[in-house]
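Examination of the molecular architecture
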Amino acid sequence: MSKKIFNHPTLQEGEPTGPSYWRSLDERNKSPEFRTRAEREFLDGASTINTVERREFLMLMGASFGLAGLGLAGCREPRNHTLPYSKQPENTIPGVATYYASSFPGEWANQPLIVETHQHRPTKVEGNTSHAPNGSASSKFAQASVLDLYDPERAQFSVGANGATLSIAAAREALVQLASEAKSNSGEGLVFVARPSTSPTRARLVQLIQSALPQSRFVEYTPVSQNGAELALGARPLPDYAKARRILSLDADFLGSGDASVEATRAYASGRRADNADEAEQMTRLYVVESTFTLTGAAADHRLRASTSHISALAALFAAEVLAQTGNNDEATLLLSKVSGVNVDQNWIKECVTDLVKAKDKSLIVAGAHLSADAHRAVFLANAALGAAVRYATVPAASKHQLSDLVSNVPSTLVILGGNPAYDAPANVPFAKLVKAAKKVVRLGYHGTAFDETSALVKSVGGIVLAASHYLESWSDGRTVDGTYVPVQPMIEPLFPSLSDLDVLAPFAGSTKDAHGLVRETFQEISQDKSDSAFAAWLAEGVLHKSGYGIINPLVNLDGLKPFPAPQLSFDALEVRILPSVHTGDGMYANNGWLAEAPDPMSKTAWENVILISPKLAAKLDIEPRQGVITRLGALNGKINEMVDGRLIARIAKLTLDGVTIQGPLFIMPGLADFTLGLQLGFGRSVAGRVATRVAERLQGKVVGNGFNVYPFVSVDSPAFRSGVRLELTGETAPVCNMQDHWSVEGRDVVREGNAEDMRHNQNFAKLGIDGHAPAVYGKDEKLSPAEKAINTPRGNSAYEHPDHTVAPNMTVWRGHESEFPQLQQWGMSIDLNTCTGCNACVTACQAENNIPVVGRDQVLKGRNMHWLRLDRYFFDGRDQVSSAIPEDPQVTFMGVACQHCETAPCETVCPANATVHDDQGLNTMAYNRCIGTRYCANNCPYKVRRFNFLDYNKREAGHYYEGPLGPAKLPKDPTDLPQMQKNPDVSIRMRGVMEKCTYCVQRIQEAKIQAKVNAKDSAGIRVVDGTIKVACQQVCPAEAIEFGDITDPRSRVAKAKASSRTYGALTYLNTRPRTTYQAKLRNLNIRMPGANRVPLSRKEMAGRESHGKPHETSGHPQVEKNSH
Amino acid sequence: MAHAPQHSSERPEILDRVQPADLPRAELILNDRNFHWVTDKVCGIVEQPTPLWWKVTFAMALFVASFTGVGLFYLVSTGTGTWGLRAPVGWGWAIVNFVFWVGIGHAGTLISAILCLLRQKWRTSINRAAEAMTIFAVMCAGIFPLFHVGRVWFAWWLFPLPNQNAIWPQFRSPLEWDVFAVSTYFTVSTLFWYMGMVPDLGAIRDRAKTWWRKAFYSVLALGWRGGNRQWSNFEMAYLLLAGLSTPLVLSVHTIVSFDFAVSNVPGWHTTIFPPYFVAGAIFSGFAMVLTLMLPLRAIYRLHDVINQYHIDNMCKIILATGSMVGYAYATEFFIAAYSGNPYEKFAFINRAFGQYAWAYWIMVSCNVITPQLFWFKKVRENHSLVWIICLFVNVGMWFERFVITVTSLANDYLPSSWGYYSPTIVDIFTFFGTFGFFSVLFLLFVRFLPLLPMAEVKMVSPHANPHAH
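Bear in mind that the values here come from a model prediction, so they are computed numbers and not experimental data. (Residues numbered from 1 in each chain as written. Chains lettered and ligands numbered in written order. Predicted model: local features only at pLDDT ≥ 70, side-chain atom pairs only at ≥ 80, totals over all residues. Heavy atoms only, no water.)

What to know about the overall build of chain A
Within chain A one finds 39 helices and 38 strands. Total accessible area computed for chain A in this model is approximately 45900 Å², and 53% of it derives from carbon and sulfur atoms. (Helix = DSSP H or I, 4+ residues; strand = E, 2+ residues; numbered from the N terminus. Areas by Shrake-Rupley, 256 points an atom, 1.4 Å probe, with all protein chains shown as cover.)

Comments concerning the interface of chain A and chain B
One frequent convention defines the size of an interface as the accessible area lost when the parts assemble. The partner chain B presents 60 residues to the 67 residues of chain A that form the contact. Across the interface of chain A and chain B, roughly 5400 Å² is buried in total on both sides, 56% from carbon and sulfur atoms. Of all residues in chain A, Arg748(A), Ile932(A) and Tyr936(A) bury the most surface against chain B, accounting for 14% of the area lost on that side. One can count 1 salt bridge joining chain A with chain B. Linking chain A with chain B are 36 residue pairs in polar contact (both at pLDDT 80 or more), by the criterion used here. The set of elements that each furnish at least two residues to the side of chain A that touches chain B consists of helix H24 (629-632), strand E29 (870-876), helix H32 (906-910), helix H33 (936-940) and strand E33 (947-948) of chain A. Its residues placed into classes, the side of chain A that touches chain B shows 34 nonpolar, 15 polar and 18 charged. (Contact = heavy atoms within 4.5 Å. Buried area = accessible area lost by both parts, 1.4 Å probe. Salt bridge = Lys/Arg side-chain N within 4 Å of Asp/Glu carboxyl O. Polar contact = N/O pair within 3.5 Å; in protein donor to acceptor, adjacent residues only side chain to side chain. Nonpolar A, V, L, I, M, F, W, Y, C, P; charged D, E, K, R; others polar.)

Let's talk about the pairing of strand E37 (residues 1076-1079) of chain A
Residue and element names in this part refer to chain A. Side chains of E37 alternate between two faces, with Thr 1076 and Tyr 1078 and Thr 1077 and Gln 1079 buried alike. Here strand E28 (residues 827-832) runs beside E37; their pairing, made up of 4 bridges, is parallel. Counterpart to Met 829 in the pairing with E37 is Thr 1076. Two elements, strand E36 (residues 1063-1064) and E37, share 2 bridges in a ladder whose sense is antiparallel. For Tyr 1064, the partnering residue across the bridge sits in E37 and is Tyr 1078. (Buried < 20%, exposed > 50% of the residue type's maximum accessible area, 1.4 Å probe, protein only. Pairing = 2+ DSSP bridges.)

So, unusual backbone geometry
A cis amide bond, omega 0°, links Ala87(B) with the succeeding residue Pro88(B). Inspection of the secondary structure puts Pro88(B) in the loop between helix H3 (52-78) and helix H4 (93-104). Phi is positive for Ser186(A), close to 45°, though the residue is something other than glycine. Turning to its location among the elements, Ser186(A) is positioned in the loop between helix H5 (168-184) and strand E6 (190-194). Residue Ser186(A) is classed as partly exposed on the basis of its relative accessible area, which comes to 27%. Here Cys1001(A), not a glycine, exhibits a phi torsion of approximately 50°, which is positive. By secondary structure assignment, the location of Cys1001(A) is in the loop between strand E34 (995-996) and helix H35 (1002-1016).

Some thoughts on the pattern of salt bridges
Pairs may arise between side chains of opposite charge once their charged atoms sit close together. Counted under the stated rule, the structure contains 67 salt bridges over all chains. The closest approach of N and O atoms between Glu888(A) and Arg305(A), which form a salt bridge, is 3.8 Å. Here Arg305(A) lies in strand E11 (residues 302-305) and Glu888(A) lies in the loop between E29 and strand E30 (891-897), a separation of 583 residues in the sequence. Residue Asp304(B) is joined to Arg33(B) by a salt bridge in which the shortest nitrogen-to-oxygen separation is 2.4 Å. One end of the pair, Asp304(B), is in the loop between helix H10 (273-299) and helix H11 (308-339); the other, Arg33(B), is in the loop between helix H1 (13-18) and helix H2 (35-47), and 271 residues separate them in sequence. Residue classification places Arg33(B) among the partly exposed positions, given a relative accessible area of 26%. Connected via shared salt-bridge partners are Arg305(A), Lys616(A), Asp674(A), Glu888(A) and Asp889(A).

Observations concerning the pairing of E28(A)
All names here are of chain A. Burial analysis of E28 places 6 of its 6 residues in the buried class, which makes it a mostly covered element. Where burial is concerned, the two faces of E28 agree: the one with Trp 827, Met 829 and Ile 831 and the one with Gly 828, Ser 830 and Asp 832 are both buried. Sheet analysis places E28 next to strand E35 (residues 1042-1046), joined by 5 bridges and oriented antiparallel. Across the sheet, Gly 828 pairs through a bridge with Gly 1045, a residue of E35.

Considerations on the environment of Ser291(A)
All names here are of chain A. Its place among the elements puts Ser 291 in the loop between strand E10 (285-290) and helix H10 (295-299). Residue classification places Ser 291 among the buried residues on the basis of a relative accessible area of 0%. In this structure, the C-alpha to C-alpha distance between Ser 291 and Tyr 99, residues 192 residues apart in sequence, is 42 Å. Setting aside anything within four residues of it in sequence, one finds Ser 291 in contact with Asp 251, Arg 303, Ala 306, Ser 307, Thr 308, Ile 311, Glu 575, Arg 577, Gly 671, Leu 672, Ala 673 and Thr 676.

Structural notes on the sheet that holds strand E12 (residues 363-367) of chain A
All names here are of chain A. The strand order E11-E10-E9-E12 describes an open sheet built from 4 strands, whose pairing is parallel. Either end of the sheet is taken by a strand with one partner, and the two such strands are E11 and E12. Neighbour-to-neighbour, the strand axes of this sheet turn through a mean angle of 10°, independent of strand direction. Taken together, the 4 bridges between E10 and E11 define a ladder with parallel strand orientation. From the neighbouring strand, Val 289 faces E11, where its bridge partner is Leu 304. (Axes fitted to C-alpha atoms, helices over the stretch in contact; angles between N-to-C directions.)

Points about the environment of Thr1077(A)
All names here are of chain A. Turning to its location among the elements, Thr 1077 is positioned in strand E37. Exposure remark for Thr 1077: the relative accessible area of 10% places this residue in the buried category. Each C-alpha atom of the pair Thr 1077 and Asn 641 lies 31 Å from the other, and the pair is 436 residues apart in sequence. If near-sequence neighbours (up to four positions away) are discounted, Thr 1077 is found in contact with Met 829, Ser 830, Ile 831, Lys 1058, Thr 1063, Tyr 1064 and Gly 1065. A distance of 3.0 Å separates a polar atom in the side chain of Thr 1077 from a polar atom in the side chain of Lys 1058.

What to know about the packing of H10(B) against H11(B)
Residue and element names in this part refer to chain B. Two elements in contact, H10 and H11, have axes separated by 9 Å at closest approach and are oriented at 150°. For the element pair H10 / H11, the angle class is roughly antiparallel. For H10 against H11, the interelement crossing comes out left-handed. Residues belonging to the contact of H10 with H11 are distributed by class as follows: 19 nonpolar, 4 polar and 2 charged. (Parallel < 35°, antiparallel > 145°, perpendicular 65-115°, else oblique. Left-handed = near helix turned anticlockwise from the far one by under 90°.)

Concerning the side chain of Thr80(B)
Along the polypeptide, Thr80(B) turns up in the loop between H3 and H4. The contacts of Thr80(B), once residues within four sequence positions are left out, are Arg935(A), Phe948(A), Phe950(A), Leu75(B), Leu85(B), His148(B), Val149(B) and Gly150(B).

What about the confidence of the model for chain A?
Per-residue pLDDT for chain A has a mean of 88; in total, 89% of the residues score no lower than 70. Confidence over residues 795-800 of chain A falls short of pLDDT 50; this stretch has 12 contacts with residues more than four positions distant or in other chains. (pLDDT = per-residue confidence, 0-100.)

Observations regarding the confidence of the model for chain B
Per-residue confidence for chain B averages 91 on the pLDDT scale, and 97% of its residues sit at or above 70. For this predicted complex, the interface score ipTM comes out at 0.92, alongside a pTM of 0.89.

Put into structure tokens, the structure is as follows:
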């Protein structure tokens, strides 16, 4: 290889030059000798420069080798060298994450995402801020979807009809052959069964198939349909939750479930921000009518418990009242005439509707998707009469064919795309029979044939089972709830030879294009732009603006209105409300450990499902928990469920409906409608992976799914609720995994609430309770700004030494220039309890960001879950005295608790090893390497946020924790081990015996600080700009309830939040001085409503229990007033 | 020794005139036993052929001790999760056992040091065995804080060793204070015990019949010849060590109580803990001394040396400290109520009536109610009953530590984070095994070392008084 000589560019004529310098006269003269010398690599005689002659050299070397040989020093193992990228891939900087736009496919709406990849491994997803309605937020399912990509039990190869492994080429060939066979009889007997999808490309392929194979049928099936309103109205309602100030939800859990919950929560929360009395009065008021306790119900200001089977009728009553009050008396009368047998407080309806009518166009009624078509029509008319904040969009028509049609018209060739119909088909559709009856079956499934009911079934009948790609490794597209066109872009080559549903459909549609080509075609069709740059721009931004669905005004009337059913419910004829589980959805996410372990926000159960029953029913069955002396003494509110030795021990009950029986543990749920039983789908899998099944049984070679299967109760006609159920106790009990033992806050002032009236009366209503009595921890500096307090507050006689925030780290260098350099930024957080809906997205996001291990059901039962961030759920029913009664109609408050980063942290002073220390920016840091695991810090943390690695959760599998070094290791030698690939490389993995806790996402802070320093170059502008750092929980929060940033900068969002009059710190009387503070919750009560309380129930309880926080009607706020002077 | 006969010439004359009647002093050694009898009795225990009961008991003790060994091996190889710990109860049986054993380890040094300084002559009959008990109990205690850490292989970080990263232990942590307090206590107690034994070891050496016994005890006796100068130095050193140990008796358990009192957990954060813990430690220590001495006295027929007077004294100390402990329990309640702090109030009501009420009432009945029987002379004279009451006290004091440690942690500030702790079989076996470990050491002590301080017993015996005859 010859040397490449780089010459200096020759000077152009007239180009300005500086003075020229030269090292010797030869250089100046540009003599040829000089030129050769300058260009030579070695000088003359360089080879003999050490005056060692060749012979001498060889002699010495020979002797050295001889000596070396004597000592056998040369006998060592060959060294293996690691090599750096010899050709660095473009756009890859080791250690720096790369972000791509994509979207999380939903059945009804996609969520636009930004995916974080490290060395091309997707590790985390965030909301795509280019799509304003969801901001940086995403759902917990989207968060957890990354883990699914690396599920070791996903299908890693396709299986042919003979049971042998099928290559991708062979699989495609088989599909092409199947397509040509279908072509010969125009698709007679060919049926596709797929989950609904928003993908326009798929819709296009389906259309092509319809025209190419007119006899074929395309069936879309989902156990939890979200399009009830669309089917009834012919258009999709797009409620404007941000504009609406009075919302009535009729069993619509718009905040808690469904593909649009993120956008809905974000919009709703924007109407719930209030920092003074006027704003508090303008705040959105939420009325909810529901049977089970959903997140929407938890957020409600007024909540009416009603049986699900009555809610359609109730919808008619509400609609009739709206219509009556707005002068549409004929329709009102018609509606009223169709309702009978509903027992409801008429005053509730009247006052609620009056409030809605008063708000006019700023009102809104939303109806649950499962309500009857007539109910949707009634609600539509009511909204129209109100001029409500809702628009209607034209959406593509749903599939014409239903799963139930297949029973009468049996398919001969069945193509099953995704889903898991062998498990989740309604009980009255014998799906297994259909599969067995079909001559040819093709199945595209995500999980291996040993871990998925449908795949196992198809394999057993000799069908073809194709491995499906994850959305993070395949091309597709989709639409958000309002129809905005978004891409599904792969981040990584498929980890295994797998296909997407587009790949499977294309041959039938007669297309030879790959998925990328198909999506590109669709994009051109939708955007009307064929240019590469437009496509690239779409992929880069992740959103095609102004591509939403068309807005129409549907024509709806009440023609052919049928009577609203309202079955009589009693103890012998109960109702079951069937909902997707927060852990597994409808069963799709059953093998996802993060979701399995993220507790249900209301029941706080994890890893399994329960039968929720109302306190009234529990009393009737006499299964209320036994109460101890302490309850009778008046020191502690009674339990709502039986706890034995810290474990929830549930009674097992048998539910019977039309001869079908299911069995599960009972969980008494406050706030449930009296005769409603709550059931959650997605458990009790019979063929499933390691997360979805019980560990102990699996180790014995048996497969027993977590929880119990509810699908036997799902029928085609009524998938969401059934009535006429009988309940019988079996006499057995079982422990249920539960993450919060106690429901009541016991009158403690940890949670603070108020309302507009409070704010008007006393801005500082949040500063109450024991903190009002405690001496001012800031001493004479009580009045200082938060910034000044953070930096130079006196220690207030604290026993705890405080880090010196005043001295910059490299002060010696800066000496004499101190004024030119900014003070160090001080990090802090503010959590708004008012907007938090308890959706759990933050819990899952934290787990994804910080490599928090999943510990498994067994360990959670032992109380050892590792979540750094938890959502405490407290019920309040306004009791001013302790009692063992279970609250029947409570209010709920969620409180996110992670490390509070106390300035005088109690954990720090007790650690004998100095493993947890304060840094100069106010973080309470944890040096894992230094931790020896005394757990003293966890004991001394009043917020109980520290988590200990009791066992090797990162190294070993659940079920093998107790085998010590004899157990199989989770981390194999192979570095491509799947679950490892998800890990965030910026966060260390903790071994057993080490304490861990929230770090305020220190890795994100550091990244931002480094970037700020890079940007600052030589200037002093090294401060991180507000908003640059988004901690994981903050970024994902759809309610934007979490603010994080520099509290010394009064313009930062967090400082503004902390300056709010609602701000308080939890347990601050301990002089912990937490950097995380809370903003008190605001209730927005309509005082005319029946049962409305002037005072939030939590405050009422606090006043009754501890004489703290007395409502101002009775005693004012003496302690607060005392505090203020 | 400090005992010096008084000469009549120094008596004030008035005494001769009024001739007050001497109050009879309790005899410390009964039946007019002479020096030779004492030597024979104590050395005989060491010199006699190994009795069968000893072999059987020793084998059993070894077996039981192996439980601790296996338990710790499993713990270290697998993780702290093999114990019943959980959030929010980060300290369970290990810390309970630690405080329990350290408490037991109090009586020995109290008897040898404080009673020595207070010239309580009756202490001589029991101090040797009590000191041995102290040392072995502290050894048992040391196991728990060492092994309860998550990464025991790094436990040496607790020592202030200079290192290149300039990381020091956290000197503000009570656990760090514990390291110093317990290790100092152990060192001084061991020195004190051993030094006091030197003259007796010399006696055993002198009586040795076989060469190996002679060699063994020669080494241990450190060349003791019993010369006047040696005695003089011995007495001075003994006194100094007694002075040195005295504050340690108080400091160790004070510092152990700081583990709790310095934290902010309701139910832990109380200023009463240091005196209350020290009283409790003496309480449990004396109970343990009686538990051990009563059977030994019966086996080796030591009734003349350890007589009713000794037992009476110990029972009275138990009664006194037991009442102090009871008073402390009551004070805690009063202060919690008086503070008006809802968290404190709840912590104590919860102790008595909450989920761990059973443990609380076991504690109260064993520690406060049972010792009250010692008011009755009849009870003190019924040695079986005394022994049973002492067992109750031991159980009660274990429960006291359990109640303090566990109930406070299980229900503290945030009701959302309440929990319930129960031990696993590994916890139970590891603790059970320490009794075996303790017994192994104690049996070895009984078999090979002088059970009673012969020299000191002789000094307080009637024969040592020139006016006795």
